[in-house]
Structure formats: structure tokens, C-alpha cells
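Working through the structure, step by step
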Amino acid sequence: MAAPCRHVGRILLRKGGFLPRNSAQLKVNRTFTQTSPLRQPAAETIPESTETIVIPQRKTWGKEAVLEALAATVSRDPTAYPHQFQDDPYLSPKTSTESKLFTLSLESGRSAAKYFIDSNPRFFSEDFAEPHVPCLMPASVSPLLDEVSEEALKERISLRRVKAAVDMYDQLLQAGASVSIEATHDLLDLVCLYCDRDPAEEPEPEPEPEPEDMEGAEVVKRTRSRARRASDLLTSEWKENNNAERIFNLLPERDTRCYSALIRGMVKHGAYAKAFSSYTDLLNDRLTADVHIFNALISAAPEVRDKYNEKWEVITELLKQMNQQKVQPTLLTFNSVLKALKRCGSLARAQSLHTLNEMKALRIAPSLASFDHILAIFFKGASRQANIELFQEVMSELAGSSFTCQDPDDAFFFMNSMRICLDIKDMELAYKVQSLLEVGDNWRFLANPFSQTLYYGRFFSLLCMMEHIDVVMKWYRRLVPSLYYPSIQGLRDLLQALDTDSRLDLLPSIWKDIRSLGHDNKSELVEELLALMARDHHSPEVQDSFAACALDVKGVFENRGRSGLEWTPSSLSHVTSLLLRANRTQQAWEMLQLFKSNNRVPAEGLFEEFLSLCHSEGSSQRAVELVQLSAAFCLSVTPDLARRTLAEFELTEEQRAVLSELESAGESSE
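This section reports on the structure supplied with the text. Just so it is clear, the structure is predicted and the values come from calculations on it, not from any experiment. Position numbers for residues start from 1 in each chain and track the written sequence from start to end. The model is predicted, so local features are restricted to residues of pLDDT at least 70 and side-chain atom pairs to those at 80 or more, both for listing and for counting; the totals for chains, interfaces and linings are taken over all residues. Note that the side-chain values use all heavy atoms of the structure and ignore hydrogens as well as water.

Topic: the overall build of the chain
Helix and strand counts for the chain stand at 33 helices and 0 strands. Throughout, a residue-residue contact means that at least one pair of heavy atoms, one from each residue, lies within 4.5 Å. Considering only intrachain contacts with a sequence separation of at least 6, the fraction spanning at least 24 residues in the chain is 67%. Method for areas: the Shrake-Rupley scheme with a 1.4 Å probe, in which residue coverage is limited to the protein chains shown. Carbon and sulfur atoms provide 53% of the accessible area of the chain, an area that totals close to 37700 Å². Each helix is a run of H or I in the DSSP string that is no shorter than four residues. Each strand is a run of E no shorter than two, and both are numbered from the N terminus.

So, the packing of helix α21 (residues 449-466) against helix α22 (residues 469-479)
Across the interface, α21 lies against α22 with an axial gap of 9 Å and an inter-helix angle of 160 degrees. Regarding the angle of α21 to α22, the classification is roughly antiparallel. Crossing handedness for the pair α21 and α22: left-handed. Contacts between α21 and α22 pair Tyr-456, Phe-459, Phe-460, Leu-463 and Cys-464 from the former with Val-472, Trp-475, Tyr-476 and Leu-479 from the latter. Residue type decides the class: Asp, Glu, Lys and Arg count as charged, Ala, Val, Leu, Ile, Met, Phe, Trp, Tyr, Cys and Pro as nonpolar, and the leftover types, Gly among them, as polar. When grouped by side-chain class, the residues that make up the contact of α21 with α22 number 9 nonpolar, no polar and no charged. Only C-alpha atoms enter the line fits that serve as axes; for helices the fit covers just the stretch in contact. Angles between N-to-C directions range over 0 to 180 degrees. Any angle that is under 35 degrees is reported as roughly parallel, and any over 145 degrees as roughly antiparallel; angles of 65 to 115 degrees are reported as roughly perpendicular and all others as oblique. Crossing handedness follows the turn of the near helix against the far one: under a right angle anticlockwise gives a left-handed crossing, and clockwise gives a right-handed one.

Notes on the packing of aromatic side chains
Ring pairs shown here join Phe, Tyr and Trp side chains whose ring centres sit within 6.5 Å, with only the six-membered ring taken for Trp; geometry is labelled stacked below 30 degrees between planes, edge-to-face above 60, and tilted in between. Tallied over the full model, the rule gives 13 aromatic pairs. Ring centres 6.1 Å apart and planes at 45 degrees place the aromatic pair Phe-414 and Phe-445 in the tilted group. Here the residue Phe-414 occupies a position in helix α19 (residues 413-424), and Phe-445 occupies one in the loop between α20 (427-437) and α21, the gap between them amounting to 31 residues. Each member of the pair, Phe-414 together with Phe-445, is buried. Relative to Tyr-476, the ring of Phe-460 has its centre 5.9 Å away and its plane inclined at 40 degrees; by these criteria the two rings are tilted. Placement of Phe-460 in helix α21 and of Tyr-476 in helix α22 is noted, with a sequence separation of 16 residues between them. Tyr-476 carries the same exposure label as Phe-460, and that label is buried. Ring pairs connect the aromatic residues Phe-413, Phe-414 and Phe-445, which therefore count as one cluster. For each residue, the accessible area found with a 1.4 Å probe, counting protein chains only, is set against the maximum for its type, and the residue is called buried under 20%, exposed over 50%, and partly exposed in between.

Some thoughts on a nonpolar patch on the surface
Residues enter a patch when their relative accessible area is above 30% and they make no salt bridge; the linking distance is 9 Å between like charges and 5 Å between nonpolar side chains (Val, Leu, Ile, Met, Phe, Trp, Tyr). A carboxyl oxygen of Asp or Glu within 4 Å of a side-chain nitrogen of Lys or Arg is what we treat as a salt bridge. A cluster of nonpolar side chains, contributed by Val-66, Leu-67 and Leu-70, occupies part of the molecular surface with about 320 Å² of accessible area. For Val-66, the position within the fold is in helix α4 (residues 65-72).

As for the environment of Asn-416
Within the element layout of this structure, Asn-416 appears in helix α19. Once you skip the residues sitting within four places of it in the chain, Asn-416 turns out to touch Asp-372 and Arg-458.

Some remarks on the pattern of salt bridges
As enumerated under the stated definition, the model contains 27 salt bridges in all. A salt bridge links Arg-156 to Glu-155, with the shortest nitrogen-to-oxygen separation between them at 3.7 Å. An identical accessibility class is assigned to Arg-156 and Glu-155; each is buried. A salt bridge links Lys-274 to Glu-240, with the nearest nitrogen and oxygen atoms 3.5 Å apart. With Lys-274 in helix α12 (residues 272-284) and Glu-240 in the loop between α9 (217-235) and α10 (243-250), this pair connects stretches of sequence that are 34 residues apart. A residue is classified by how much of its surface remains accessible, and Lys-274, at 27% relative accessible area, is partly exposed. Accessibility expressed as a relative area gives 59% for Glu-240, which makes it exposed. Among the charged side chains, a network of salt bridges with common partners joins Asp-186, Asp-189 and Arg-257.

Here's the deal with helix α25 (residues 523-535)
Take the residue count of a helix, subtract one, and multiply by 1.5 Å to get its expected span. Spanning 13 residues, α25 covers 18 Å between terminal C-alpha atoms, matching the ideal 18 Å at 1.5 Å per step. Listing the buried residues of α25 in full gives Leu-525, Val-526, Glu-527, Glu-528, Leu-529, Leu-530, Leu-532, Met-533 and Ala-534. Contacts from the buried residues of α25 go to α23 (488-500), α24 (507-516), α26 (540-558) and α28 (569-581).

Focus on the environment of Tyr-169
Within the element layout of this structure, Tyr-169 appears in helix α7 (residues 162-174). Among all residues touching Tyr-169, those that are not within four sequence positions of it are Leu-153, Val-179, Thr-184, Leu-187, Ile-247 and Leu-251.

Brief notes about unusual backbone geometry
Put simply, Val-480 and Pro-481 share a cis peptide bond, and its omega is 0 degrees. Examined against the element boundaries, Pro-481 turns out to sit in the loop between α22 and α23. A positive phi angle is found at Arg-160, which is not glycine, with a value near 60 degrees. Positionally, Arg-160 belongs in the loop between α6 (150-158) and α7. A relative accessible area of 46% places Arg-160 in the partly exposed class. At Asn-241, a position not held by glycine, the phi torsion is positive, near 55 degrees. For Asn-241, the position within the fold is in the loop between α9 and α10.

Overview of the packing of α7 against helix α8 (residues 181-194)
α8 packs onto α7 with a crossing angle of 140 degrees between their chain directions and a minimal axis gap of 10 Å. In terms of their interaxial angle, α7 and α8 are classed as oblique. Here the hand of the crossing between α7 and α8 comes out left-handed. Counting all contacts with α7, which are made through Val-162, Ala-165, Val-166 and Tyr-169, the residues of α8 involved are Thr-184, Leu-187, Leu-190, Val-191 and Tyr-194. Partitioning the contact of α7 with α8 into residue classes produces 8 nonpolar, 1 polar and no charged.

Thoughts on the side chain of Glu-527
By the element assignment, Glu-527 lies in helix α25. It turns out Glu-527 is buried and unbridged, and the closest side chain with the opposite charge, Arg-600, is 8.5 Å from it. In the analysis that follows, any N or O atom pair within 3.5 Å is treated as a polar contact, provided that within protein one partner can donate a hydrogen and the other can accept it, and provided that, for residues neighboring in sequence, both atoms belong to side chains. A distance of 2.5 Å separates polar atoms of two side chains, one belonging to Glu-527 and the other to Thr-568. Sequence-distant contacts of Glu-527, that is, excluding residues within four places in its chain, are made with Thr-568, Ser-570 and Ser-571. Residues scored as charged are limited to Lys and Arg (positive) and Asp and Glu (negative), so that His and the chain ends carry no count.

These values are about where atoms sit, not about what they do.
Below is the structure:
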């Protein structure tokens with residue numbers, strides 16, 4: 001109201017009025033204007049002005065307007081953990097497995113709190129929330145009506161008590177009471193949805209540990225195996241003459257809604273043949289199916305036929321019957337067709353484009369699931385490269401659009417699109433997919449931590465493969481750890497990218513990230529890091545940073561109780577070589593002693609490099625000890641080391657005698 005007041009104030013000043021400067025003047029002004037008889041005649045003599053005072057309408061703000069305005073001023077901090085993990089910084093996850101565990105723990109805590117609130121609503125009778133959030137208020141979870149009545153039946157249906165609702169329905173029938181058709185419809189929907197089981201009794205698969213380095217083909221294989229197990233479980237759920245079929249058969253009159261609940265339940269729980277048989281019964285009863293029945297039957301069509309052309313014939317026949325019965329198709333209808341076409345082999349490509357054109361003719365806008373199904377059809381098999389233009393057309397059509405979820409399969413678009421980009425190694429398309437994800441609230445399609453990790457893992461692998469290291473590191477700092485917890489494979493891809501562009505000087509900083517992400521106990525990753533640092537010679541500054549990094553790695557190996565790492569000949573050799581190149585002789589000598597204590601045989605080239613360092617420092621005693629250590633390991637390079645030491649160092653007679661003996665012993669053993 002500040003702006004309207006300013007406008008009114010300016011108008012009063014232009015007309016000779018005055019504005020009060022304090023509360024006392026405001027009170028006097030109101031009294032003089034309203035009660036003074038002298039003021040009223042004077043007002044009558046004032047000629048009417050041609051100007052009209054227009055007071056602006058009051059702006060109505062939502063209760064969340066302030067929060068929305070504040071949120072609009074804040075951008076994502078790429079160095080911070082995701083917002084859902086910031087309640088307790090100490091417990092903030094550092095790996096993808098910890099992220100998944102943390103997310104599940106949060107959800108479990110919310111579920112436990114909601115259960116307590118709903119079970120004890122008397123403790124939460126006051127609502128102090130502003131704005132009011134209905135979903136946070138306690139809801140009744142136990143039936144309040146005990147008598148046998150239709151109201152009690154509706155209450156159990158609303159609470160999703162499947163068994164209790166069926167028992168109440170049977171008691172009503174035994175008592176001779178009639179049940180309204182609306183309550184019967186709701187009961188059938190409930191029973192067919194959960195298939196004779198209460199939601200709390202649904203079997204859940206035992207949790208499997210997700211390997212942190214599982215990406216690509218392994219993830220797809222694991223996901224498909226789980227899907228097959230879930231499909232087998234659902235197929236065995238629908239039993240003959242279960243409560244859904246029994247209640248359906250008890251109905252004196254069956255309408256389309258009853259058939260719809262039964263058929264959709266059969267399709268959901270794997271009884272595909274029975275679903276088509278029930279559809280035949282519907283036609284025999286001279287009823288018209290609804291769009292939900294056709295959607296379910298179209299999705300089940302590939303399950304009732306074996307050959308590709310037969311599957312498509314079933315789908316086309318259902319579409320013809322939809323037209324005959326004047327049932328208007330919806331987005332889910334066409335998405336069901338496209339999803340079924342993925343299992344129709346060579347017929348799928350031509351028919352999918354015809355289906356998309358039919359959608360546009362009916363002015364039904366495709367959803368993300370529609371394009372996901374089409375891309376899955378065209379990017380299958382060996383002809384992926386030939387369909388890049390189709391992918392580009394899809395991304396051009398979707399560019400700059402913000403989407404809302406209209407189909408459960410919409411959530412797979414971004415994850416599958418990035419998989420295709422990685423398969424065809426197209427960085428330009430990957431950038432387009434990422435740009436589309438950043439539009440509006442499209443990021444919500446990756447709300448699942450598993451989907452987000454898989455998507456960004458594929459995107460980052462493609463970056464490491466195709467982009468310059470500067471671009472890779474820019475995205476690395478942007479994504480980690482706020483959006484992506486790199487797996488072992490992702491970090492190995494990064495190491496290979498650093499090697500390809502000759503930026504091994506960044507390895508120490510990457511090692512710090514490896515430690516913070518909890519991957520310092522992965523032997524293959526640590527071995528590759530050490531091998532890259534020890535492979536070539538670098539400037540003294542880089543060698544110093546490599547030596548400091550090697551000592552940090554050494555500390556991880558020594559803490560075996562936590563890391564579980566064990567020294568290998570290669571890891572010992574790499575750390576020793578890095579220390580030698582940084583002129584850290586004493587620490588390198590300690591590493592040589594570790595070879596003996598860990599029963600590991602060092603590389604012969606390491607002794608030659610160590611002897612050269614001893615010569616530059618003029619340490620003859622350490623050179624003799626080095627030859628003795630080489631002889632203890634029975635290395636073939638021992639005679640050569642002895643000869644070099646005799647020729648290049650100033651030795652005492654005792655030292656020369658020891659070396660001469662080692663030289664002759666080594667030559668005789670050869």
C-alpha cells in the first residue's frame with residue numbers, strides 16, 4: 001500500500017491540502033475535516049475538478065511470495081552439498097552409496113514421524129503452521145466406525161484397509177443390506193489395485209548394496225534383472241477367483257467402471273490373458289469400454305502374442321475398436337502404443353512415427369515419455385549413428401521448454417537420452433540435453449538419487465572422453481559434490497583425461513578429492529594415480545607436490561585398519577621413486593625398508609635411480625647399504641651396482657672388500 005499512498009499524497013498537495021507529519025496532526029486533520037461546520041460550506045464552493053482520482057487496485061500476494069522472492073535471488077552453490085543433506089554437516093554423505101543411505105534414512109524418519117502423528121492425533125490438535133499445510137496435519141489411520149454399515153465400508157476404503165473393507169462388504173451382504181454402486185466401484189478399485197493385500201503387507205525386495213563403481217552396462221544389467229524379478233512377482237500375485245473376481249461376480253449389474261477396475265488390476269498384476277477375456281465379456285454385455293481399459297490392454301498386447309506382426313495386429317485392432325466405440329484417446333493411450341512398439345521389432349520405427357503424427361493431428365502434445373520411447377526404438381541395435389538427425393530434431397523441438405510430469409515414464413527421458421549420447425559419443429547433443437534439464441523445474445525429473453547419479457555419471461564420462469581438460473575441470477567443479485558423487489570409474493576417466501591432455505600436475509588436488517569422497521580405499525584407483533605420477537619426470541615444483549601426495553598415500557596404506565589397502569611391489573616402487581625425484585632421500589630409504597618388511601621385491605631400476613641420488617649427495621655408506629639390500633633381494637642388477645659403487649664412490653678398504661665380495665657372488669650366481 002506504500003505506492004498508492006504516495007500517489008494520493010501528491011494529489012492532495014496539488015489541490016491545496018496538507019499532509020500530517022505526525023499522529024497529532026493526523027488526529028486534528030481528521031477532526032477538522034469531519035466535524036467543523038465551517039469546513040463543509042467551504043467545500044461546497046470549490047468547483048468540481050475535471051481530474052479523477054484513480055486509486056490503484058490492491059495487489060494480493062500469496063503467502064509464499066516472500067519465500068519465492070528470496071529463493072529467486074539465490075543460485076546453486078556448486079561447492080555445497082545438496083540441500084537435503086545440510087541438516088547435519090557431520091553426517092553429510094561423501095559417496096554415492098552414503099548419499100543413497102542418507103536419503104533413505106531421511107525418508108524413513110519422515111515416515112516414522114508421520115506414523116506417530118497419525119497414530120496419536122490428540123497430541124497434535126493445534127495447527128501453528130502459516131501457511132497451512134494439510135499434508136502435515138495428522139490423519140486418521142484407524143477406523144472409527146465399528147457398526148456394519150456402508151459408511152463404515154467407505155471409511156475402510158478411504159483408509160486403504162483392503163482386508164477390512166472386504167470383510168465389511170461381506171458382512172453387509174450377509175445382513176441383506178444393499179451397497180451403493182459408488183461404494184462398490186471404490187471397493188473394486190481398491191481390491192484390484194492392491195490385489196487382496198493391504199499396502200503395508202506388500203512384499204518388498206531385500207535391499208542390495210549398490211557398488212559405487214557400478215555404471216553403464218552393469219547398472220543396466222542389474223536394473224533389468226530387478227525388473228524381471230519384479231515382473232515375476234507381479235505375475236504370480238493374481239490368483240484364480242480372488243476377492244476382486246468374487247466381488248465382481250457377485251454384482252447383479254456390471255457397468256464399464258467395474259470392468260475397468262478388473263481389467264486394469266489384471267494387467268497390473270500380470271494376468272494378461274484374463275484381462276483380454278474380461279474385455280470380451282464386456283463386449284458380450286454390450287457395454288462400451290473406457291479409455292483406461294484400452295490403455296491397459298494396449299500395454300498388455302505384447303505379452304499375449306509372440307511374433308512382432310501379431311503384436312502390432314492386436315494393437316491396431318484395439319485402436320480400431322476405440323474408434324468404433326467413439327472413445328477419445330489420451331496422451332497415455334499413445335504412450336502405451338509407443339511403449340508397446342518397443343517390443344515389435346522392425347515394425348516399430350515406421351509405426352512410431354505414424355503414431356507421433358496421429359498425436360499431433362489430434363492436438364495431443366507428446367510428453368517426455370513419448371520422445372523417450374521413440375528414441376529407444378530408433379537407437380536400438382547397430383544402426384545408432386544413422387539416427388542422430390532424429391535425436392537432433394527431438395532436442396530442437398524440446399529446447400527451452402519446461403515440463404511437468406504427465407506420465408510415470410517421463411522420469412526416464414533425461415537418463416536414457418544421456419545414455420544414448422554416451423553410446424554415440426555426441427557431445428553436442430549431450431550439451432543440449434543438459435541445457436534442457438536446466439530449464440525451469442525440469443531438474444525434478446532427476447529427483448531420484450539413483451537416476452541423478454547415473455545421469456551425471458554418463459555425462460561426466462562423455463566429458464572426459466570428448467572435451468579438453470579445462471572444460472572437464474570446469475564441469476567437475478560445477479557438479480561435484482553438489483550434484484554428482486563420482487564413482488571409481490568416473491574418477492578413472494578423469495585421470496585418463498588428465499593424462500591425455502598432459503595435465504598431471506593436477507593429480508595432487510584430485511587425490512584430495514578422492515580422499516574426501518571416500519575412494520582412497522580402492523586399490524585400483526590408488527595404483528593408477530601413483531603410476532601416473534611416477535611415470536615421467538617433471539619440474540621440481542611438480543615433483544615436490546607429487547612427493548607430498550605420495551607421503552599422504554603412504555599414510556593411507558599404513559592405516560590398514562581403516563582403508564584395507566595392502567602394499568604391492570608397484571605401489572611401493574612408485575612412492576619410493578616419487579620421493580627420490582623430490583630429493584627426499586631419508587623418506588625414500590624408509591620406503592626401501594618397507595619392501596623387506598612386507599616381503600615385496602622392488603624393481604631393479606629403482607636401485608639404479610637410488611644409487612644415482614647417493615652419488616649426487618656423496619653418501620658412500622648408503623650406497624654400500626643399497627648394494628647389500630639388492631643382494632638380499634637376490635636381484636640380477638647387484639653386480640652392476642657393486643661395480644658402479646666401486647668406480648664412482650670414495651670407499652674405505654672395508655667397504656671395497658664387501659662390495660668386491662658381493663660383485664663376485666652375484667657374477668657366480670648368474
